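# Report on the structure
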Amino acid sequence: MSVEGRTEDSGHNEGRAAAQILHRSLQKAFKIENEILSTTSEFQEIDIDRIGLLYPILSNIKQQLRKVLALSGLSHIPLEDILRLRKLCEERLNAARIIEFELEDNPGKEHQAMMFDCGLISGYICLLIRSGGRQEIQLCSGNVFQIESDALKNVLETCIIPTLIPANQLQTFANTEPFAALISACEQILGLLATLVGGIKFSETVLDTLESTALLLLFAHDGTVKTGLKKLRTAALDLIVQVFHYYPIQRPSILNEILISLKKTPASQNSRDFKLLKGGSIQIVSALIMRITQSAASVYDDSHCNERTASLASEMTLEADKLKGFRTEVRQPLFKKSTKKDKSTTVQSLSALVSPLLDTATNIAMQIIGFVIGRALSPTKTRDESFRNLLYIFVEDFVRSFDCPEWPAAELLLRLILFKMIQLLETDKTTSTVKLMAVDILGLMGAAISGLNYNIRHAIQSEDFKTNFSWCPRNTIEESLQLKLRLEDITSLGGPFHASVEFLILQSALEPQMHGAAGYLTAQWAFSTFDSTGIDTDPKNKTQERSLLAARLQKMIAEKLYEPKVFDPHCVTAGNARVAYSLTLLRSQFCESFNRLLEVILDSARSFHASIRCRSLKVVLQILEADPLLIGRTSAVKALISGRTNDISVSVRESSLRLISKCIELMPELGVEMMPDILRRVSDENMAVRKRAIKILRDIYLQNPGVNARSGIAEALLYRTADLDGTVRELACQSIEEIWISPHLPASTKEVSSNTTLSTTSHICLMAKIVQGDRRLPSIFTTALQAILLHPSRRSAALRVYSSFVATMFNMIRKSTAKDKTTVDAVATFQLLLIFAKTDANIFTKQQIQLLAPYVGKIGTEDDMIIYRCAISILYRTLPQVSDVDPALLRSMSIDLIKQITRFNRVILNEVIPCLWTISNTLQDNKPLTTLALSCIEHIRNMVDLRFHDPAKQEDVRKVKKLLLIAGMCGRYCHLEAQLEHFQMRFTDCHSFYDFVIGTCSVFSSSGQPVDLRKAALDAICMVCQVRPKHFTASVVTTLFEEAFEEKKPELETVILQAFKEFLLAEEQHSEVISRVAAKLDHIGGSQLDGVAAFITQKFASNRKDIMRIALATQGDQALLAVEVLASMTRQGLLHPKECAHICIALETSQNRKIAELSFITHQTLHQKFESIIKDEHLRAMEVAYEYQRDVIHNVRGATCNPYLSILHRMMEVTKAGRVKGRKQFFDGLCARIEPDLSQSSWIDLSQYLQRSQFILENIAFFEYASVEELNATVFAMEKVFTRAGIVVVDAIETELLGQTTPIAESENIDFNRLRTLAASSTTLSGLWDAMTYLRQQYGLSCSTTNEASNNSSRVPNKVDGFDGRAFWERNSMVMTTLDSEQTMLNICRAFIELFHEGIGSEVIVLGGSDLPKRTPRLTGAKGGDKVKGRKRKAPPNRSSQKRRKVQSKR
């Protein structure tokens, strides 16, 4: 006997044996059934215990029947036994169909679950019998499929789904064994039905029930990830896809049900419970959409439903045994080979086969995507917002599946969404909300394509990869933005398409979705080879190979004839297959649209909407992160980033810097290229932008050793150490430490390498060069170095670096050149040494100080003088800290200094005299300085009687000025009170050195002396007072000060203010004062502070107001000096907040940057501590600011243009940190200041009234409002003033002017002044209307919502993009032409009447952009220019019936 024959006999015997075992189980079941029937009446329910006896028997029968069917042994079972078994099972199945699960029956839930489970097992057996192939059974089977589907739906709806919902009390039951068995039974039933769908013709009713059941599971959301529900959903997914594939007539209803279910589906990121082969999860709804799309592109033939029913069960159950789960898709049946020998294999026939399949899949995808996008476009409803989120989740899921060969439909779905998003972005009428959604979605897609290119580029560059995998293309075209493969390389037999398809075929035995994916991908393979017109896409057109390919593809698609194992097993693993499929994606329409996608995103980054620009930059960053190499392959991206750094929107500028930071991180060489844009932003008006720019510059500095780059960065960072914002200052100081200090921390070993020395020398040269570039930088750098030392943890290391720098600089000076032959700039080096001496004098050594000696007596060129001054200053600061300096050397330096002392000006003497005093103390010899002071005073006293007004005495004037200067310096820096006896020996009237100096100098301070001589004498007196502050309160000194302030001579006032400043700053720095200020600053008044400081404040600030007057008089250095004095008084609590708050606010508007910044800081301090006190000063401050602008700056406009910015914007910035109630009161007060008062018109200066109104209106219009609440309050206040005052003005115009029968030019009864008053009032109220209209339009406010409560009233109002204030600005510029002529005034009055009457109840004409409408009635529109109905107001009764009739007619 042959092997085949023995195998057949063996299988026959196994089938007979399996049938015998099944027969014995059937007899047991029948026996139990008889016992149940004999003990139960017709109307009595079956006991659950007896059901329990039947349940295990039916479970065994199910397993044994499957085996019998697998061995084709059903024919060995007697027909009567099969029919009796079917009847028995149908009874149990019907019970499961009609029983309703009792959720409240806690004790009986497990029994009910067992009954359901028994019914489902019975139904499973019925389905097996129906599919067993015996014709006599099929003919009398009845409607078993309908009963089974109804029972399944009942179990799911009444038991399983309610139990799995987390918001109930059934969680304990969900963890029981009966419930788990029930879920398993449902899963098996769904799997068997999915298998039978492809082999048995189901009725439409059954299909409808199965569809609703499957979709019920797919769209059931429990809010958690439960294993049981996930398995059921997967089985339901297999079932619905099979129905969709084999029953095209059901596709419209399935699609409709899916779309209806989407409306009820909440969008949640937590609903991803469908696992991908490569890892990660997606929504099962996303998997459903992709699978039905893929199944639509696979060929189907329903003839098998009649031809193969007999053999279906055996084939099906064998497959089930292999998978051990019995829930897979049926394998695609092998179609009979075509009997037509002349069947066409031409290109045209293949195209005709493929195109309809792909068109069908595309149409299905378009229906779903079009529905979701369509619902996502409307921004008004909550559900539409949910659809936008749902669309975003879908795109995320498709992107995750994009490079997986088992999900080829993801490319089609992404492609359709891509085209729609591009269309939305290019349509002008698309709302900004929708455009933001489109940009986000394009970002996901762009990142997916970029990531695909990046991964493939790395994969194909591997030599092992090319050697081991035959399908890897040998030629790759590197385009500007992405890879591009030749079509012949990916579509040929043995290429990436072929490898991907084979992987899917090999996996189809394990994964049910692979069949549909294989069919779709094969169709796509054919379409990529031959386009829809049937034209070969291969330019080389290798006829024989292409014909073979066409024939093979036609068999794959039409007949499902594959040739497995073309490739080695290692070539078609999951990972390698994914790479092969990725190569095919490079020529897909989706990936080839990347250039267009990027172009659209870059265009969106130039949108009028700041939010879209900002979001587009984030999307560009998202794409670049996926493929960093993209930065260097396109200049458009870099140009875009550079341009957006200058954007008017803060968020856009910050996003551009964030993008630059990421680009530099990916490609460090871009740092220097992008540095100019970053340097511009380091001084940005926004604090967050400045801080981000500082961080980027710090990183660039550390990554690039270039001197030019480092020089620019370090200079910019140094300036930021003096920033107004404390956090910015701290970050800048930290950055300076990281780039200039920390890298040069000396090693612990004493030996220093030559490389380290060279690096330190180069670094010092760089620091010296930068510091020398600007006269402000030395003091800024000093402050930064001192700030670094304030951190205890970093102080020790920083001092070591400082000492190292100082030692290196002295070595450079000593050797004159560095080791690299770089010439040392001595001036810059000495200036840098002085900075470190001011920072901490303890870092200098005795040997270093001695090296300064040669430079003390060297005065020649200008550079020598600079070095001389630096050396003197260093000595002055370091000598007290260093001991054991050579006394002979010090005496020599002292002699040299005294010899040259008369040659020095004030600036140098300020350093020489302290240095001499320090040397004297070190030598303990004060005789030289005592002699110098005695000589000066004696010469001064000898010249008292000279007449200095005589032109011939100018040389004497010069001498006295020099002597007074030296005497004053000696009085300030040299404590010669101990040498009083020497002065008394020469001057008998000398009882105190300091009193004697003041008395001597006061003679030259009287009003009868020349101004320059008085200045020198006052200067000397003030220097003495710095040492003995009590002399500030002496009558002789205060009299001199009062006299100088009375005369208002700037030279004398400057001397006094400088003295006040130095004294007050010294008081602040004094440790006792600092502690007292910290403890008592909340205490108003100066009782706790130094009496002298309080006296100066009370005398010259509170009483005489001299300091306030000088501060508000000019914008020069004298005003700055006065502001510094006021700031110090304020910091020490010497001034009441009400005395200085309005001054600070007015000075914030100064064009002098230092005055404005200092006033701003002082205002901030006051507001933080005394907000409740100074809030009432804001209106007064507005008046002072207006007068300051008018009289000092000679500007009466309330804002600046380019950009439009309120003059009082700094005040608003400070008050934003306070209570909104105070700001609302301020806005109400501003509006009230505009309101005209016709009863007082006789004495009002109308020109000043118009100017002040213009100033107020422009400030109101261009304020940056902190909240919607205060914006609405402002608009409402403007409305009230306009209505209230408008009624009075209109009534006066109509009664007094237009009511006249005689023309104004001919009438003698019309008061010309009255006409001017009414015209000025009309102009002001019209301007108020314009400002109110502009605010509404600028912020997109509708009249109906103004002043209404809002859920988000505390949020910052959003401006309408693309809208500027030019029209309002130009309209308001015409205010001062109001009083030009009588006719002009009359026209203005008439226009205002029309505006008032029509404006109250009419629609608003938009005032915006570049339009400059005429004076017509208007209210504001909503966003986008939509016209909105205005607010109607009732006019109060007035004396004019004519006016009342007009208002009522309009109403």
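All values derive from a computational prediction rather than experimental measurement.

Okay, the overall build of the chain next. Of the regular secondary structure elements, the chain holds 65 helices and six strands. In the chain, buried positions account for 55% of the 1451 residues. Restricting the contact set of the chain to residue pairs at least 6 apart, pairs at least 24 apart contribute 76%. Here the chain displays about 62200 Å² of accessible surface, and carbon together with sulfur accounts for 50% of that area.

Let us look at the pattern of salt bridges. Under the defined criterion, the tally for this structure stands at 57 salt bridges. In this structure, the salt-bridge partner of glutamate 738 is arginine 698, at a minimum N-O distance of 3.4 Å. Here the residue glutamate 738 occupies a position in helix 34 (residues 726-741), and arginine 698 occupies one in helix 32 (residues 687-703), the gap between them amounting to 40 residues. Residue class for glutamate 738 comes out partly exposed when judged on its relative accessible area of 27%. Among the ionic pairs, arginine 1180 bridges to glutamate 1177, the shortest N-O distance being 3.1 Å. Classification of arginine 1180 as partly exposed rests on a relative accessible area of 41%. By relative accessible area, glutamate 1177 is classed as buried at 9%. Connected via shared salt-bridge partners are Glu1046, Glu1053, Arg1104, Asp1106 and Arg1109.

In contact at an axis separation of 8 Å, helix 36 (residues 777-789) and helix 37 (residues 792-815) are set at 140 degrees when each is read in the N-to-C sense. With respect to their mutual orientation, helix 36 and helix 37 come out oblique. Contacts between helix 36 and helix 37 involve Leu785, Ile788 and Leu789 on the former and, on the latter, Arg795, Ala798, Leu799 and Tyr802. By residue class, the composition of the contact of helix 36 with helix 37 is six nonpolar, no polar and one charged.

The phi dihedral of lysine 1048 is positive, around 55 degrees, even though this residue is not glycine. Tracing the backbone shows lysine 1048 in the loop between helix 49 (1035-1047) and helix 50 (1050-1069). Given the relative accessible area of 51%, lysine 1048 is considered exposed. Even without being glycine, histidine 1194 reaches a positive phi, approximately 60 degrees. With respect to the helices and strands, histidine 1194 occurs in the loop between helix 57 (1178-1193) and strand 5 (1199-1200). Classification of histidine 1194 as exposed rests on a relative accessible area of 65%.

Further remarks concern the packing of aromatic side chains. Scanning all chains against the criterion turns up 39 aromatic pairs. Centre to centre, the rings of phenylalanine 993 and tyrosine 994 are 5.2 Å apart; their planes meet at 70 degrees, and the pair counts as edge-to-face. We classify tyrosine 994 as buried; its relative accessible area is 1%. Ring plane angle 40 degrees and centroid distance 4.7 Å describe the contact between phenylalanine 1282 and tryptophan 1329, whose orientation is recorded as tilted. Remark: tryptophan 1329 occurs in helix 62 (residues 1312-1339) and phenylalanine 1282 occurs in helix 61 (residues 1268-1296); sequence separation between them is 47 residues. Residue tryptophan 1329 is classed as buried on the basis of its relative accessible area of 4%. Its guanidinium or amino end placed over the ring of tyrosine 701, arginine 710 lies 4.5 Å from that ring's centre, counting from NZ or CZ.

An α-helical turn contains 3.6 residues, so a residue and the one three or four places further along point in the same direction. For helix 41 (residues 862-878), built from 17 residues, the straight-helix expectation of 24 Å at 1.5 Å per residue is met to within 8% by its first-to-last C-alpha distance of 24 Å. Residues of helix 41 that are buried sit in contact with helix 38 (826-839), helix 39 (846-850), helix 40 (853-856), helix 42 (887-899) and helix 43 (906-923).

Phe202, Leu262, Trp740 and Phe1060 are the most contacted members of the largest nonpolar core, which totals 383 residues. For tryptophan 740, the residues in contact, after removing those within four places along its chain, are Tyr701, Ala714, Leu718, His763, Leu766, Met767, Ile770, Phe781 and Phe805. In terms of nonpolar packing, the next biggest core, distinct from the first, is built from 63 residues, Phe1226, Tyr1265, Val1275 and Phe1392 among them.

In this section: the packing of helix 18 (residues 432-460) against helix 27 (residues 610-626). Packing of helix 18 against helix 27 brings their axes to within 7 Å, and their N-to-C directions diverge by 10 degrees. The angle between helix 18 and helix 27 places the two elements in the roughly parallel class. Residues Ser432, Lys435, Leu436, Val439, Asp440, Gly443, Leu444, Gly446, Ala447, Ser450, Gly451 and Tyr454 of helix 18 form the contact with helix 27, whose own contacting residues are Ser611, Ile612, Arg615, Ser616, Val619, Gln622, Ile623 and Ala626. Here the contact of helix 18 with helix 27 is composed, by residue class, of nine nonpolar, eight polar and three charged.

Take the pairing of strand 1 (residues 272-275) next. Here strand 1 pairs with strand 2 (residues 281-283) via three bridges, running antiparallel. Within strand 2, the residue paired with lysine 275 across the bridge is serine 281. Connecting strand 1 to the next strand, strand 2, in antiparallel fashion are five residues, including glycine 279 with a positive phi near 110 degrees.

Take the confidence of the model for the chain next. Taken residue by residue, the chain gives an average pLDDT of 78. The fraction at 70 or more is 79%. Residue range residues 41-47 is modelled with pLDDT below 50. Its contacts to residues more than four positions away, or to other chains, number five contacts. For the stretch residues 1076-1089, pLDDT sits under 50, and the model shows 27 contacts to residues farther than four places along the chain or on other chains.

On to the environment of phenylalanine 830, then. With respect to the helices and strands, phenylalanine 830 occurs in helix 38. Judged by its relative accessible area of 1%, phenylalanine 830 falls in the buried class. Once the C-alpha coordinates of phenylalanine 830 and tyrosine 868 are considered, the two residues, 38 residues apart in sequence, prove to be 9.1 Å apart. With residues near it in sequence (within four places) discarded, phenylalanine 830 still touches Ile813, Leu852, Tyr855, Ile867, Cys870, Ala871 and Ile874.

Below, the discussion takes up the state of the cysteines. Working definition: the covalent bond between the sulfur atoms of two cysteines is a disulfide. What the rule picks out here adds up to zero disulfides. Cysteine cysteine 1140 is unpaired, with the sulfur of cysteine 1144 as its nearest cysteine sulfur at 5.2 Å.

Turning our eyes to something else, we now look at helix 52 (residues 1091-1103). For helix 52, the principal kink sits at threonine 1097 and spans about 30 degrees. Turning to helix 52, its buried residues number three or more, namely Val1092, Ala1093, Ile1096, Thr1097, Phe1100, Ala1101 and Ser1102. The secondary structure elements touched by the buried residues of helix 52 are helix 49, helix 50, helix 53 (1106-1111), helix 54 (1117-1131) and helix 55 (1137-1147). Among the residues trailing helix 52, lysine 1105 stands out with phi positive, at a value near 60 degrees.

Conventions adopted
Residue numbers here run from 1 along each chain, matching the order of that chain's written sequence. Whole-chain, interface and lining totals are the exception, using all residues; otherwise, since this is a predicted model, local features are given only for residues with pLDDT of at least 70 and side-chain atom pairs are given and counted only at 80 or more. Excluding hydrogens and water, the side-chain figures rest on all heavy atoms present in the structure. For helices the rule is a DSSP run of H or I covering at least 4 residues; for strands it is a run of E covering at least 2, with both sets numbered from the N terminus onward. When accessible area is computed with a 1.4 Å probe and restricted to protein chains, residues below 20% of their type maximum are described as buried, those above 50% as exposed, and intermediate ones as partly exposed. Contact definition: two residues touch when any of their heavy atoms are within 4.5 Å. Methods summary: accessible areas were calculated by the Shrake-Rupley approach with a probe of 1.4 Å, and residue burial reflects only the protein chains presented. Between Lys or Arg on one side and Asp or Glu on the other, a salt bridge is scored when a side-chain nitrogen of the former is within 4 Å of a carboxyl oxygen of the latter. Only the stretch in contact is used when a helix axis is fitted, and all axes are lines through C-alpha atoms; the angle between N-to-C directions ranges over 0 to 180 degrees. Orientation labels follow simple angle bins: below 35 degrees gives roughly parallel, above 145 gives roughly antiparallel, 65 to 115 gives roughly perpendicular, and whatever is left gives oblique. Residue type decides the class: Asp, Glu, Lys and Arg count as charged, Ala, Val, Leu, Ile, Met, Phe, Trp, Tyr, Cys and Pro as nonpolar, and the leftover types, Gly among them, as polar. The criterion for an aromatic pair is that two Phe, Tyr or Trp rings (for Trp, the six-membered ring) have centres within 6.5 Å, with stacked assigned to planes under 30 degrees apart, edge-to-face to planes over 60 apart and tilted to the rest. Should the NZ of a Lys or the CZ of an Arg lie within 6 Å of a ring centre and within 35 degrees of the ring normal, that charge is described as sitting over the ring. To estimate the expected span of a helix, count its residues, drop one, and scale the result by 1.5 Å. Among buried residues, those of type Ala, Val, Leu, Ile, Met, Phe, Trp, Tyr and Cys that are joined through side-chain atoms within 4.5 Å constitute a nonpolar core. Should DSSP find at least two bridges between two strands, the strands are taken to pair. As a per-residue measure, pLDDT reflects the predictor's confidence and takes values from 0 up to 100. The criterion for a disulfide is a pair of cysteine sulfur atoms lying within 2.5 Å. At any given residue, the bend is defined as the angle formed between two axes, one fitted to the seven residues that end at that position and one fitted to the seven that begin there.

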